[in-house]
Amino acid sequence: MAKGQLKVAVTLGLAAVYVSICLFLQNVQAAEPLKKIRIAIPSIVIDFAPLWIARDKGFFRDERIDPEVTYIQGNVRVVQSLVAGEVQFGVAGTAGAVSARAAGEEVIIIAVPMNRLDYTFVARQPVNKPADLAGKKIGIGAVGGSDEVATRIALEKLGVNPASVTMITAGGSAERLTALRIGSVDAATVGGATFIGGGAGLHKVLDLVDLGVEFPFTAIFTTKKFAAANREAVIGLIRSYIRGVRFFQENKEEAIAISARNLRTTNKDLLERQWLYVKDHVFEKVPIPTEKGFKLIFDMLSPRNPKVLALRMEDVYDGSYVKELVDKGFFK
């Protein structure tokens with residue numbers, strides 16, 4: 001055999017071996033069982049569409065994850081379920097995770113995809129002066145939750161002493177909106193998109209997004225034990241979620257269709273308005289929190305729970321997972 005022919009034969013042989021190895025590795029990967037995880041969310045609103053998209057479009061499967069996205073009403077109960085081992089991840093308000101950490105629970109925040117207060121303070125009657133809210137019933141999700149913190153911030157911005165109102169636990173944003181409609185409460189903070197969907201007849205007092213306040217509004221969190229034993233799953237969940245965010249922002253019609261199925265609504269006009277609001281107002285390009293945002297949440301929680309004052313951002317937030325993705329160029 002001529003030298004040239006021999007070289008070609010060797011090259012073809014190596015190529016065949018390479019292809020065989022790739023096919024073998026693909027088959028091995030395909031044979032591996034997917035990692036089953038449960039992810040808890042505190043309300044059924046369009047803000048959580050990236051999770052539904054990541055599940056339905058196979059982004060989680062690409063990461064060898066088999067997810068169950070489950071609804072557990074309220075941010076605090078999501079954290080309680082995480083601590084009890086009933087779920088492996090929570091995607092919810094940060095305040096519950098911070099309070100749990102202050103209480104000694106091994107809860108750790110791994111990403112903060114929403115760093116603004118996506119709340120609207122809403123009332124049954126017009127509010128023209130602080131006295132209009134004195135003695136009124138204000139709906140919150142749970143004591144110590146992010147919605148309570150947001151409510152206190154709203155009241156302070158309006159010049160209302162929080163001690164002059166009565167805060168009543170009324171469930172998630174949708175439930176608080178219902179409580180407003182039936183008169184169980186006089187005012188409440190509700191998610192911005194939720195207000196767009198059901199605020200007719202109510203009065204918008206303050207849009208907290210417009211305040212430009214840095215605040216770790218929604219976080220992805222897990223336990224230190226799970227994260228240490230399942231780093232690839234943690235990285236995979238963040239990557240899947242962010243792919244879901246990108247898809248939501250860039251594919252209007254399909255994002256709305258997936259949201260409609262999960263929200264169980266056929267009101268396309270409403271969904272389009274909610275999609276436009278969430279697409280532009282909610283998600284960070286890189287899910288990294290700020291020191292200023294965490295200081296605010298520590299300051300707001302500490303009067304009721306002095307142990308929070310001893311916390312620093314690095315006590316409750318592990319940035320190594322997002323940093324790894326940044327270093328690998330994922331967010332580019």
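Look above for the structure.
Note that the structure is a prediction, hence the values are computed from the model and not measured.

A. Representation of the overall build of the protein. What the protein contains, in helices and strands, is 15 helices and ten strands. Each principal axis of the C-alpha distribution contributes one length, and for the protein these read about 100 × 45 × 30 Å. The contacts in the protein between residues at least 6 apart in sequence include a share of 80% that link residues at least 24 apart. Carbon and sulfur atoms make up 54% of the accessible area of the protein, which amounts to about 15500 Å² in all. Averaging the positions of the 42 positive and the 35 negative side-chain charges in the protein gives two centres separated by 2 Å.

B. Region of interest: the pairing of strand β8 (residues 187–191). Among the five residues of β8, five are classified as buried, and the element is accordingly described as predominantly covered. Of the strand pairs in this sheet, strand β5 (residues 119–123) and β8 are connected by five bridges, and their pairing is antiparallel. Note on β8: the bridge partner recorded for Thr120 is Val190. Sheet analysis places strand β6 (residues 137–140) next to β8, joined by two bridges and oriented parallel. What sits directly across from Gly139, in β8, is Ala188.

C. Examining the packing of aromatic side chains more closely. Under the defined criterion, the tally for this structure stands at seven aromatic pairs. Look at Phe248 and Trp275: their rings are 6.4 Å apart centre to centre, the planes differ by 50°, and that puts the pair in the tilted class. With a gap of 27 residues between them, Phe248 in helix α10 (residues 231–250) and Trp275 in helix α12 (residues 268–281) connect regions that are remote in the sequence. For the residue pair Phe248 and Trp275, the accessibility class agrees, reading buried in each case. Pairing Phe294 with Phe298 gives two aromatic rings, centres 5.9 Å apart and planes at 45°, and the pair type is tilted.

D. Summary view of the sheet that holds strand β1 (residues 35–41). Overall, mixed pairing links the five strands, which are arranged β2-β1-β3-β10-β4 in an open sheet. If you trace the sheet from one side to the other, it starts and ends with β2 (65–71) and β4 (107–116), each paired once. Recorded for the sheet is a direction-independent mean angle of 20° between the axes of neighbouring strands. Taken together, the two bridges between β1 and strand β3 (residues 89–93) define a ladder with parallel strand orientation.

E. Broad picture of the side chain of Thr223. With respect to the helices and strands, the residue Thr223 is situated in strand β10 (residues 214–223). For Thr223, the side chain forms a polar contact with the main-chain nitrogen of Phe226, separated by 3.2 Å. With residues up to four places along the chain from it excluded, the contact list for Thr223 reads Leu82, Glu106, Val107 and Ile108.

F. Quick look at the nonpolar core. Counting residues in hydrophobic clusters, the biggest one holds 97 residues, and the most contacted among them are Phe121 and Phe221. It is α10 that contributes the most residues to this core, nine residues altogether. Judged by nonpolar contacts, the second largest core, of ten residues, contains Val122, Ala179, Ala188 and Phe195.

G. Representation of the sheet that holds β6 within the structure. Taken together, the five strands give an open sheet; going across it, the order is β7-β6-β8-β5-β9, and neighbouring strands pair in mixed fashion. The sheet is open, and its two borders are formed by β7 (166–169) and β9 (203–207), each paired with just one other strand. Looking at each pair of strands side by side, their axes are set apart by 30° on average, direction ignored. Contacting β5, β6, β7, β8 and β9, helix α6 (residues 146–157) crosses the sheet at an angle of about 65° to β5.

H. Structural view of the pattern of salt bridges. For the structure shown, the criterion picks out 22 salt bridges. A salt bridge links Arg176 to Asp147, with the nearest nitrogen and oxygen atoms 4.0 Å apart. With a gap of 29 residues between them, Arg176 in helix α7 (residues 173–182) and Asp147 in helix α6 connect regions that are remote in the sequence. Relative accessible area serves as the criterion here: at 1%, Arg176 is assigned to the buried category. Two residues, Glu314 and Arg312, come together in a salt bridge whose shortest N-O distance is 3.5 Å. Exposure remark for Glu314: the relative accessible area of 44% places this residue in the partly exposed category.

I. Broad picture of the environment of Ser81. As for its placement among the helices and strands, Ser81 is situated in helix α4 (residues 75–83). The class of Ser81 is buried, set by a relative accessible area of 8%. In this structure the C-alpha to C-alpha distance between Ser81 and Ala40, which are 41 residues apart in sequence, comes to 8.3 Å. Apart from residues no more than four positions distant in its own chain, Ser81 is found in contact with Ile72, Glu86 and Val87.

Reading guide: rules and limits
- Residues numbered from 1 in each chain as written.
- Predicted model: local features only at pLDDT ≥ 70, side-chain atom pairs only at ≥ 80, totals over all residues.
- Heavy atoms only, no water.
- Helix = DSSP H or I, 4+ residues; strand = E, 2+ residues; numbered from the N terminus.
- Contact = heavy atoms within 4.5 Å.
- Areas by Shrake-Rupley, 256 points an atom, 1.4 Å probe, with all protein chains shown as cover.
- Lys, Arg positive; Asp, Glu negative; His and termini not counted.
- Charge placed at Lys NZ, Arg CZ, Asp CG, Glu CD.
- Buried < 20%, exposed > 50% of the residue type's maximum accessible area, 1.4 Å probe, protein only.
- Pairing = 2+ DSSP bridges.
- Phe/Tyr/Trp six-rings, centres within 6.5 Å; stacked < 30°, edge-to-face > 60°.
- Axes fitted to C-alpha atoms, helices over the stretch in contact; angles between N-to-C directions.
- Polar contact = N/O pair within 3.5 Å; in protein donor to acceptor, adjacent residues only side chain to side chain.
- Core = buried A, V, L, I, M, F, W, Y, C linked by side-chain atoms within 4.5 Å.
- Salt bridge = Lys/Arg side-chain N within 4 Å of Asp/Glu carboxyl O.

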